[in-house]
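Examining the three-dimensional arrangement
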Amino acid sequence: MRIEFQARNYTDLACDLLAYPVFENEARESPSLKALDKATRGVAGTVLSTGEFKPELHRACLIHRPARLKARRLVLVGAGKEPEFSLGRLREVAGTAVRVARQSRCKSVALLMRGGFPAPESTQVSAEGALYGNYESEIYKTRDIETRDVEEVVLLSERRTRRSDAGEGIRRGAIVGNAVNFARTLGNEPANVLTPSQLAEQALSLVARTGLEVQILERADMERLGMNTMLAVSRGSDQPPKLIILRIPEQKSRKDAPLFALVGKGVTFDSGGISIKPMEKMEDMKADMAGGAAVLAAMSALAELGPKHPVMGIIPSAENLPGGKATKPGDIVKSYAGKTIEIISTDAEGRLLLADALAYARTLGATRLIDVATLTGACVVALGHIYAGMMGTDQEILERLRCGSRITGERFWQLPLDDDYRKDIRSEIADIKNVGNRWGGAITAAKFLQEFVENTPWVHLDIAGMDIDHDGRPYAAKGATGFGVRTLIHLFT
Ligand code: BES
Ligand code: ZN
Ligand code: ZN
């Protein structure tokens, strides 16, 4: 998809579809709407004033052959309430415009970027949204396929804009948007295709394109290093585990600057293992590597954008299956950090992988830790599919994550982490056990992870329930969402 910026009046721009965001309760007499009304010979004003079209967020109204516009079609896109309009919403509006275009088989789209945001940001999020909206997940259909991809997007501004600002915004938006879509593709891939080895191959394939440095630890390396929780999780599967390490070369840093490690859960399929899951929706567990995909995608984008803090990525990847050699409930393993773990449920495998990966990140010199994982169903029970959970000991980052959602559109809600929760994962026989009781499961999972970060400032993002969108959105196809990628990039740019 080509994306460009043009500073000109929308009336004389020839394209298949012109998208015009309209705010709820926007006065019909406002100069903008008056001009639009005139350009459509009264049609825009009529659909709004009759209530035929209510500009609620993401509703769209298609108007064919608008009288005084060069565009073949005009779509009014509901932008919600004006005071609530944000860069996050502008991104979604761009996505909605592109998806309307896909439905109407339009190849060229122009979007009027309203909201008065400065150019580098408005062009960036619009480009991101357009790429997000243009993505389709039907990769394995062999029949009735029809490419409806939008080929060209023109971003129009009502503000005076420096071309270089717009150009830079589009460049960044394309990098971020493609990274998010890359994570979505990984999430949508079935587990027979995307094994831990394939995830490692995907990481290696980024080397040439982005300059990312990639190192893969194999099973033998894990045995040598004593990464027994990694080994325990993968024991039931014929697929070997992989520990993927991502570095950005030549990161300029002061000696005392912190080194961040992004650690992403990369379970390419989670059957539960011997503690096997019920069949309902088990197929969704192909996306149990969404945290790993988010780290991989974010690191590839950061390699191109240049992060403002030194950062590395670590993705422990395994397949969790039952089998003759599989780990059993009651088994005890000694983690890389030296602590012994009683495995009560083999379905609480994510925290086992992360235990070794977090501890290893510290060995590699990381002084700040951020992990991203589809970790607990309990988090979905607590927050639904709207907010991801966040916990941790680095309150500054937690605060930045909370505030960042207006820009990234990805929402996080902090859950407590008091030491009182620790007693639920006390084991009679080992240092710790890998599950608590029924209550506060997202928190006890985080308490388990905390044992392995020790005193290193750390943030844990539980993105279970955010990885797949079964319904689709006006601005997005159904399927894997790529949740987390934008947030991770935003933290470092
Ligand atoms: N991958 C799952 C968590 C999950 C659930 C992700 C729903 C996405 C949607 C995780 O490995 C798991 O199975 N967790 C268990 C933990 C339990 C055994 C303590 C859970 O949440 O049931
Ligand atoms: Zn599990
Ligand atoms: Zn899992």
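Residues numbered from 1 in each chain as written. Chains lettered and ligands numbered in written order. Predicted model: local features only at pLDDT ≥ 70, side-chain atom pairs only at ≥ 80, totals over all residues. Heavy atoms only, no water.

A few points about the side chain of S300
Structurally, S300 is set in helix α9 (residues 290–305). There is a polar contact of 2.9 Å between the side chain of S300 and the backbone oxygen of A297. If we ignore the near neighbours within four places in the chain, the residues touching S300 are L206, T210 and L212. (Helix = DSSP H or I, 4+ residues; strand = E, 2+ residues; numbered from the N terminus. Polar contact = N/O pair within 3.5 Å; in protein donor to acceptor, adjacent residues only side chain to side chain. Contact = heavy atoms within 4.5 Å.)

Some thoughts on the nonpolar core
I244, L246, L296, I370, L461 and I489 are the most contacted members of the largest nonpolar core, which has 56 residues in total. Looking at this core element by element, the count peaks at 12 residues for α9. Per-domain counts for this core show at least three residues from each of domain 1 (2–182) and domain 2 (194–492). Listed in part, the 48 residues of the second largest apolar core include A318, L415, I425 and V453. (Core = buried A, V, L, I, M, F, W, Y, C linked by side-chain atoms within 4.5 Å. Buried < 20%, exposed > 50% of the residue type's maximum accessible area, 1.4 Å probe, protein only. Domains from an automatic or database assignment.)

Thoughts on the coordination of the zinc ion (ligand 3)
Tetrahedral coordination by four donors sets the ideal angle at the metal to 109.5 degrees; octahedral coordination by six donors sets it to 90 or 180 degrees. At this site the zinc ion (ligand 3) is bound by K265 (NZ), D270 (OD), D288 (OD) and E349 (OE), with donor distances of 2.0 to 2.4 Å. Every donor counted, the six donor atoms about the zinc ion (ligand 3) form angles of 77 to 172° at the centre, which fits octahedral coordination. The metal-metal distance between the zinc ion (ligand 3) and the zinc ion (ligand 2) is 3.3 Å, with D270 serving as a donor to both. Of this pair, K265 sits in the loop between β9 (260–264) and β10 (266–270) while E349 sits in the loop between β13 (340–342) and α10 (350–363), placing them 84 residues apart in sequence. Classification of K265 as buried rests on a relative accessible area of 2%. (Donors = N, O, S within 2.8 Å, 3.2 Å for Na, K, Ca; no water. Tetrahedral: all angles 85-135°; square planar, octahedral: opposite > 155°, others 65-115°.)

Observations regarding the packing of helix α6 (residues 196–210) against α9
Helix packing geometry: the angle between the two helix axes and the distance between the axes. Between α6 and α9, the shortest axis-to-axis distance is 10 Å and the interhelical angle comes to 10°. Overall, the two elements α6 and α9 adopt an arrangement that is roughly parallel. Of the residues in α9, those touching α6 at L199, Q202, A203, L206, R209 and T210 are L296, S300, A303 and E304. (Axes fitted to C-alpha atoms, helices over the stretch in contact; angles between N-to-C directions. Parallel < 35°, antiparallel > 145°, perpendicular 65-115°, else oblique.)

In short, shape yes, function no, at least from these values alone.
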